[in-house]
Amino acid sequence: MGIAKIESFLTNRIEGFFNNRFHGDLEPVELFQSLEREILLKSKKISGELIAPNDFTFFLEENDYGRLSSKRVIDALYEVAERKIIKNDSFMDSDLKIRFQKDKTIEAGEFKLQACFTDGSDAGTDTEEAHTLVLERSNFDAPLNLPKNPSLANLIVTEGENEGAAFELTDKMFYIGRREKSDIVLKDDMISRLHAYITYERHRHHLIDAGSLNGSYINDDRIDRAYIKDGDVIRFGETLLLYEVM
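For the structure given in this document, a descriptive report is provided here. Since this is a predicted model, take the numbers as computed values, not measurements. (Residues numbered from 1 in each chain as written. Predicted model: local features only at pLDDT ≥ 70, side-chain atom pairs only at ≥ 80, totals over all residues. Heavy atoms only, no water.)

### Brief notes about the environment of Tyr227
Rule in force here: Each helix is a run of DSSP H or I of at least 4 residues and each strand a run of E of at least 2, with the numbering of both proceeding from the N terminus. By the convention used here, residues are in contact when the closest approach between their heavy atoms is within 4.5 Å.
Mapping Tyr227 onto the fold places it in strand S14 (residues 225-227). Sequence separation between Tyr227 and Arg204 is 23 residues; the distance between their C-alpha atoms is 6.8 Å. Among all residues touching Tyr227, those that are not within four sequence positions of it are Phe91, Glu201, Arg202, Arg204, His205, His206, Ile218 and Asp232.

### Considering the nonpolar core
For clarity, the cut-off: Nonpolar cores were defined as sets of buried Ala, Val, Leu, Ile, Met, Phe, Trp, Tyr and Cys residues, with membership established by side-chain atoms within 4.5 Å. Only protein chains enter the area calculation, which uses a 1.4 Å probe; residues under 20% of their type maximum are buried, those over 50% are exposed, and those in between are partly exposed.
Ranked by internal contacts, the top residues of the largest apolar core, which has 26 residues, are Leu31, Leu35, Phe56, Phe58, Leu77, Ile98 and Phe100. Among the elements of the structure, helix H2 (28-42), strand S3 (55-60), helix H3 (62-68), helix H4 (71-87), strand S4 (97-102) and strand S5 (111-116) are those that each provide at least two residues to this core. The dominant element in this core, judged by the number of residues it contributes, is H4, at eight residues. For Leu31, the residues in contact, after removing those within four places along its chain, are Leu26, Phe58, Leu68, Val73, Leu77, Phe100 and Phe111. Counting residues in hydrophobic clusters, the runner-up holds 25 residues, among them Ala196, Ala226, Leu241 and Tyr243.

### Let's talk about unusual backbone geometry
Here the phi dihedral of Ser47 falls at roughly 55°; this positive angle occurs in a residue that is not glycine. Examined against the element boundaries, Ser47 turns out to sit in the loop between strand S1 (44-46) and strand S2 (49-51). If you check the backbone angles, His203 has positive phi at about 65° while not being a glycine. Looking at where His203 falls in the secondary structure, it is placed in the loop between strand S10 (196-201) and strand S11 (204-209).

### Focus on the sheet that holds strand S13 (residues 221-223)
Either a parallel or an antiparallel arrangement is found when strands of a sheet pair, and the pairing is made through backbone hydrogen bonds. In plain terms, the rule: Two strands qualify as a pair provided DSSP detects at least 2 bridges between them. Only the stretch in contact is used when a helix axis is fitted, and all axes are lines through C-alpha atoms; the angle between N-to-C directions ranges over 0 to 180 degrees.
Pairing within the open sheet is antiparallel, and its six strands lie in the order S7-S6-S16-S15-S12-S13. Both outer strands of the open sheet, strand S7 (166-169) and S13, are each paired with one neighbouring strand and no more. On average, adjacent strands in this sheet sit at an angle of 30° to one another, irrespective of strand direction.

### Considerations on the pattern of salt bridges
Condition: Salt bridge, as applied in this entry: a Lys or Arg side-chain nitrogen positioned within 4 Å of an Asp or Glu carboxyl oxygen.
Scanning the model with the defined rule gives twelve salt bridges in all. Among the ionic pairs, Lys42 bridges to Glu38, the shortest N-O distance being 2.8 Å. Of this pair, Lys42 and Glu38 both sit in helix H2, four residues apart, roughly one helical turn. Each of the salt bridges in this network shares a partner with another, and the network as a whole consists of Glu49, Asp93 and Arg202.

### As for the pairing of S7
Going residue by residue along S7, you find Phe167 and Leu169 tucked away on one face and Ala166 and Glu168 left uncovered on the opposite face. Where strand S6 (residues 153-159) meets S7, four bridges bridge the pair, whose relative direction is antiparallel. When the sheet's bridge partners are listed, Ile156 is paired in S7 with Ala166. Hairpin connection of S6 to S7: six residues between the antiparallel strands, including Gly160 at a positive phi of 125°.

Worth remembering: the numbers are spatial, not functional.
This is the structure in structure tokens:
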């Protein structure tokens, strides 16, 4: 089910555009799928937590490199990686980096993917920030239409006065409560004006109770703060919300 959702997302929001635009043997969706597999294969248990590699380099034949090396493709790969980390209930302890590099030993239509763990201490050598292309040319003619802060998951109200409402979560902070200034406003007298908030830490959504009177719950367990997993049911007052990775 989880894999089907990811594939559906790629088809509806990314793959269609790329397949219409690029007509070579190597398609971006192959890079997406390879990145997902590499995250699964290279993640490792550290102190009881599953940690994903954070540094990925795609080695491409020159023509494929020229055809696919755009910020749009990097942004799409970035979204795929972020969702896979959440879906896999893993973490990433440093900035996510994705690079393209030419390789004369690679045949047209083929590629290699190298994944490793870096701590960011060498950030000044290749790129000044994560999620940045390391390419021979610095400008791209293609318009950048993907959202700056892409949606990574949904909070869907399954029970309560707001039943049926859905709220998209990005990597930004979201305040939850009854007050109108909240990012997620819920009509429930058992919910505090500022009840809780969601942050994005270690490439995961993190629920933090804001000292609410009636508490915040994940799967019936009262929490002060906790990372949210795909499929978790969150309860504020008499309102239930399903957390679902897109």
